[in-house]
Amino acid sequence: MSSEVKKLEAQISKLEEQIELGKAIERLQENRDFKTVIAQAFMKDESLRYLETSADTNISDKERAGALAIAQVGSHLKRYIAASLQLAKVAEDGIQEYKDHLIAVASEE
C-alpha cells in the first residue's frame, strides 16, 4: 500500500471523526437537559452573574479578573460548538472527493 493511499485513508478517517463529532453536538443541542443546564443556566445565567461580579469594585483586582475569565467560558464553549459544527459541515461536503481520489489512486496501484 502506497504512502498516498495511507494518507488519504487517514484524512478520510479524520473527516469521518469530525462528521461524527458534529452529529454528536447536534444531538446534544437537542437534549432538553443540555438546553437547561448548559445553554441556559451555565452559558447565560452564570456567565452574566460572573460578568456582574467582574465589575464589582468592592472585590480585589485578582478576584475581578478571575470572575471575568469565568464569565467568558460560556462564550468560548459557544464558539467551540459553532466551529466544530462548521468543520463537520466542511468535512461532510468534502469527504466524497477524498473517497473518490482514494479509489482512483488504489486502482492505479
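The shown structure was predicted, so the numbers you read here are calculated from the model rather than taken from an experiment.

A. Fine view of the overall build of the protein. Counting its regular elements, the protein contains 3 helices and 0 strands. When the helices and strands of the protein are listed from N to C terminus, the series reads α-α-α. Its C-alpha atoms give the protein principal-axis dimensions of roughly 70 × 30 × 15 Å. Evaluated residue by residue, the protein yields a buried proportion of 21% over its 109 residues.

B. Just the environment of Glu9, in detail. When you line up the elements, Glu9 lands in helix H1 (residues 3-30). Between the alpha carbons of Glu9 and Lys23 there is a distance of 21 Å; along the sequence they are 14 residues apart.

C. Up close: the environment of Val105. With respect to the element layout, Val105 can be found in helix H3 (residues 61-108). In the structure, Val105 is positioned 53 residues away from Glu52 in sequence and 58 Å away in space, judged by C-alpha atoms.

D. Seen up close, the packing of aromatic side chains. The final tally for this structure, using the stated rule, is 0 aromatic pairs. The ring of Tyr50 is capped by Arg49, whose NZ or CZ atom sits 4.6 Å from the centre of that ring.

E. Quick look at the pattern of salt bridges. Evaluation of the coordinates by the stated rule reveals 5 salt bridges. When the shortest N-O distance is used, the salt bridge between Glu16 and Lys99 registers 4.0 Å. Placement of the pair is Glu16 in helix H1 and Lys99 in helix H3, with a sequence separation of 83 residues. Notably, a salt bridge pairs Glu20 with Lys23, separated by 3.7 Å at the nearest N-O pair. Pair noted here: Glu20 and Lys23 are both in helix H1, with a separation of 3 residues, about one helical turn.

F. Expanded view of the confidence of the model for the protein. Considering every residue of the protein, the mean pLDDT works out to 95; 99% of them sit at 70 or more. Looking over the protein, one finds the lowest element-wise mean pLDDT in H3, namely 95, and the highest in helix H2 (residues 32-54), namely 97.

G. Structural detail: the side chain of Ser84. On the secondary structure map, Ser84 appears in helix H3. Among all residues touching Ser84, those that are not within four sequence positions of it are Gln18, Leu21 and Ile25.

H. Seen up close, H1. Look at H1: 41 Å from first C-alpha to last across 28 residues, which is about the 40 Å you get at 1.5 Å a residue. Listed as buried for H1 are Val5, Leu8, Ile12, Leu15, Gln18, Ile19, Gly22 and Ile25.

I. Up close: the nonpolar core. Counting residues in each nonpolar core, the largest one holds 9 residues, listed as Val5, Leu8, Ile12, Leu15, Ile19, Ala91, Ile95, Leu102 and Val105. If you list the elements that add at least two residues to this core, you get H1 and H3. For this core, the element with the highest residue contribution is H1, accounting for 5 residues. In this structure, Leu8 is in contact with Tyr98, His101, Leu102 and Val105, ignoring residues within four places of it in sequence.

Definitions and cut-offs
Residues numbered from 1 in each chain as written. Predicted model: local features only at pLDDT ≥ 70, side-chain atom pairs only at ≥ 80, totals over all residues. Heavy atoms only, no water. Helix = DSSP H or I, 4+ residues; strand = E, 2+ residues; numbered from the N terminus. Buried < 20%, exposed > 50% of the residue type's maximum accessible area, 1.4 Å probe, protein only. Phe/Tyr/Trp six-rings, centres within 6.5 Å; stacked < 30°, edge-to-face > 60°. Lys NZ or Arg CZ within 6 Å of the ring centre and 35° of its normal. Salt bridge = Lys/Arg side-chain N within 4 Å of Asp/Glu carboxyl O. pLDDT = per-residue confidence, 0-100. Contact = heavy atoms within 4.5 Å. Expected span 1.5 Å × (residues − 1). Core = buried A, V, L, I, M, F, W, Y, C linked by side-chain atoms within 4.5 Å.

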